[in-house]
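Single-letter residue listing:
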Amino acid sequence: MKMNVYASLVERKQTGQKSFVVLIDPDKVNSSSLSSLVNRANRAGVDYFFVGGSLVVSDHLDDCIQLIKKESKIPVILFPGSPSQISKQADALLYLSLISGRNPELLIGQHVISAPFVKKSGLEIISTGYMVIDGGAPTTVSYISGAAPIPADKADIALCTAMAGEMLGNKLIYMDSGSGAKKPITEEMISLVAKNIDVPLVIGGGIRDAEKAYRNCKAGADVIVVGNAIEQNPSLLEEMAAAIHQVSVVKS
Ligand code: 1GP
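A brief report on the enclosed structure follows.

Time to look at the packing of helix H7 (residues 187–196) against helix H8 (residues 210–219). Helix packing geometry: the angle between the two helix axes and the distance between the axes. It is the contact of H7 with H8, at a shortest axis distance of 8 Å, that shows an interaxial angle of 30 degrees. Classified by the angle their axes make, H7 and H8 are roughly parallel. The crossing of H7 and H8 is right-handed. Residues Glu187, Ile190, Ser191 and Ala194 of H7 lie in contact with H8, whose contacting residues are Lys212, Arg215, Asn216 and Ala219. Considering only residue class, the contact of H7 with H8 consists of three nonpolar, two polar and three charged.

Okay, structure coming up:
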């Protein structure tokens, strides 16, 4: 029977368990580096994989997911940068609406065009309010979308955007300062948003060490996404997983 990925995310939140996601960009892996990363993730207790990137140039998305599924039971969730990044091999799809931007194409336009195709894929769809927060450098997503990110020190704008996203029916709020961000999202912003929404809060972009992952969880993040830092130093996997899961245990 197919797993319900969203139900598992909600259950983890309700039981006070924080989740660790490793982001895999198909452009940045080959079969041997991917296989060793996946096996390491199995051992470290990674909870989910996100697969995608704002600009997937290569055409091996399907192969990449097939390889992950062959070597791991960790659920694979698509994190697509465009409607072309869809693979039936995955378990679920983050159906992203860029609610921090004002580009109609990324709020609803591309969804309309790809809706029949997405529906036919049979993938579990997780509607996600995606918010780009300024991470100190232009990111691929802000460049491609032409949409300004939310300033890093404007927690109130992030709060209102997340609240609106939740009330519009998004099942996840994903705040992202962009892959390789110089400055990750502040704990102040995470804490304010987390206190005021009920759906799981996903935080990513520029998280480079276990300490920051831990502090984000303490501030209220439910899901931590790490891509770049692990690509550069896979040995961080174990300590990040331990730091994130430690918060689960000491939930007050
Ligand atoms: C980017 O949130 C992800 O969309 C992860 O960012 O690659 O900087 O960890 P990093």
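Turning to helix H1 (residues 5–14), its buried residues are Val5, Tyr6, Leu9 and Arg12. When H1 is viewed along its axis, its buried side chains cluster within an angular range of 125 degrees and face the same direction. Away from its buried face by more than 90 degrees, H1 exposes Glu11 and Gln14. Between the side-chain oxygen of the N-cap and the backbone nitrogen of Tyr6 there are 3.2 Å, and the N-cap of H1 in question is Asn4. Backbone geometry just after H1 places Gly16 at a positive phi near 75 degrees.

In this section: the packing of aromatic side chains. Counting across every chain of the model gives five aromatic pairs. Ring geometry for Phe79 against Tyr130: centres 5.7 Å apart, planes inclined by 70 degrees, an arrangement best described as edge-to-face. Pair noted here: Phe79 is in the loop between strand E3 (76–78) and strand E4 (92–98) and Tyr130 is in strand E5 (residues 124–132), with a separation of 51 residues, a long-range link. Residues Phe79 and Tyr130 agree in their burial class; the two are buried. With a centroid separation of 5.1 Å and 35 degrees between ring planes, the pair formed by Phe79 and Tyr174 is classed as tilted. Here Phe79, found in the loop between E3 and E4, pairs with Tyr174, found in strand E6 (residues 172–176); they are 95 residues apart in sequence, far enough to count as distant.

Let us now look at the side chain of Asp176. Checked against the element boundaries, Asp176 lands in strand E6. Buried charge Asp176 goes without a salt bridge, the closest partner of opposite sign being Arg208 at 11 Å. Ignoring sequence-local partners within four residues, the contact set of Asp176 consists of Phe79, Tyr130, Met131, Val132, Ile133, Ile185, Gly204 and Gly205.

Glancing now at the sheet that holds strand E7 (residues 201–204). Reading around the circumference, E1-E2-E3-E4-E5-E6-E7-E8 is the order of the eight strands in this closed barrel, with parallel pairing throughout. Taken pair by pair, the neighbouring strands of this sheet meet at an average axis angle of 30 degrees, ignoring direction. Bridge count for E6 against E7 is four bridges, and the pairing is parallel. In the strand pairing of E7, Ile173 is matched with Leu201. Contacts from helix H6 (residues 155–167) reach E5 and E6, with the element oriented near 150 degrees to E6.

The next thing to look at is the side chain of His111. Among the secondary structure elements, His111 is positioned in helix H4 (residues 104–120). Exposure remark for His111: the relative accessible area of 11% places this residue in the buried category. Excluding anything up to four places from it in sequence, His111 contacts Tyr95, Leu96, Ser97, Glu105 and Leu106.

The biggest cluster of nonpolar side chains holds 84 residues, and the ones touching the most others in it are Phe20, Ile24, Phe50 and Met175. Among the elements that line this core, the one with the most residues is helix H10 (residues 236–249), at seven residues. Every residue in contact with Phe50, bar those within four places of it in the chain, is listed here: Val21, Val22, Leu23, Ile24, Ile77, Phe79, Leu94, Tyr174, Val202 and Val225.

If you walk through the whole model with that rule in mind, you get eight salt bridges. One salt bridge connects Glu187 with Lys212, and the closest N-O pair in it is separated by 2.6 Å. Of this pair, Glu187 sits in helix H7 while Lys212 is found in helix H8, placing the two residues 25 residues apart along the sequence. Of the residues examined, Lys212 reaches a relative accessible area of 8% and is grouped as buried. Notably, a salt bridge pairs Arg215 with Glu211, separated by 3.1 Å at the nearest N-O pair. With Arg215 and Glu211 both in helix H8 and four residues apart, the pair spans about one turn of that helix. According to the relative accessible area criterion, Arg215 is partly exposed, its value standing at 32%.

The rules behind the values
Residues numbered from 1 in each chain as written. Predicted model: local features only at pLDDT ≥ 70, side-chain atom pairs only at ≥ 80, totals over all residues. Heavy atoms only, no water. Axes fitted to C-alpha atoms, helices over the stretch in contact; angles between N-to-C directions. Helix = DSSP H or I, 4+ residues; strand = E, 2+ residues; numbered from the N terminus. Parallel < 35°, antiparallel > 145°, perpendicular 65-115°, else oblique. Left-handed = near helix turned anticlockwise from the far one by under 90°. Contact = heavy atoms within 4.5 Å. Nonpolar A, V, L, I, M, F, W, Y, C, P; charged D, E, K, R; others polar. Buried < 20%, exposed > 50% of the residue type's maximum accessible area, 1.4 Å probe, protein only. Arc of directions from axis to C-beta. Polar contact = N/O pair within 3.5 Å; in protein donor to acceptor, adjacent residues only side chain to side chain. Phe/Tyr/Trp six-rings, centres within 6.5 Å; stacked < 30°, edge-to-face > 60°. Lys, Arg positive; Asp, Glu negative; His and termini not counted. Salt bridge = Lys/Arg side-chain N within 4 Å of Asp/Glu carboxyl O. Pairing = 2+ DSSP bridges. Core = buried A, V, L, I, M, F, W, Y, C linked by side-chain atoms within 4.5 Å.

So yeah, pure geometry; function would need other evidence.
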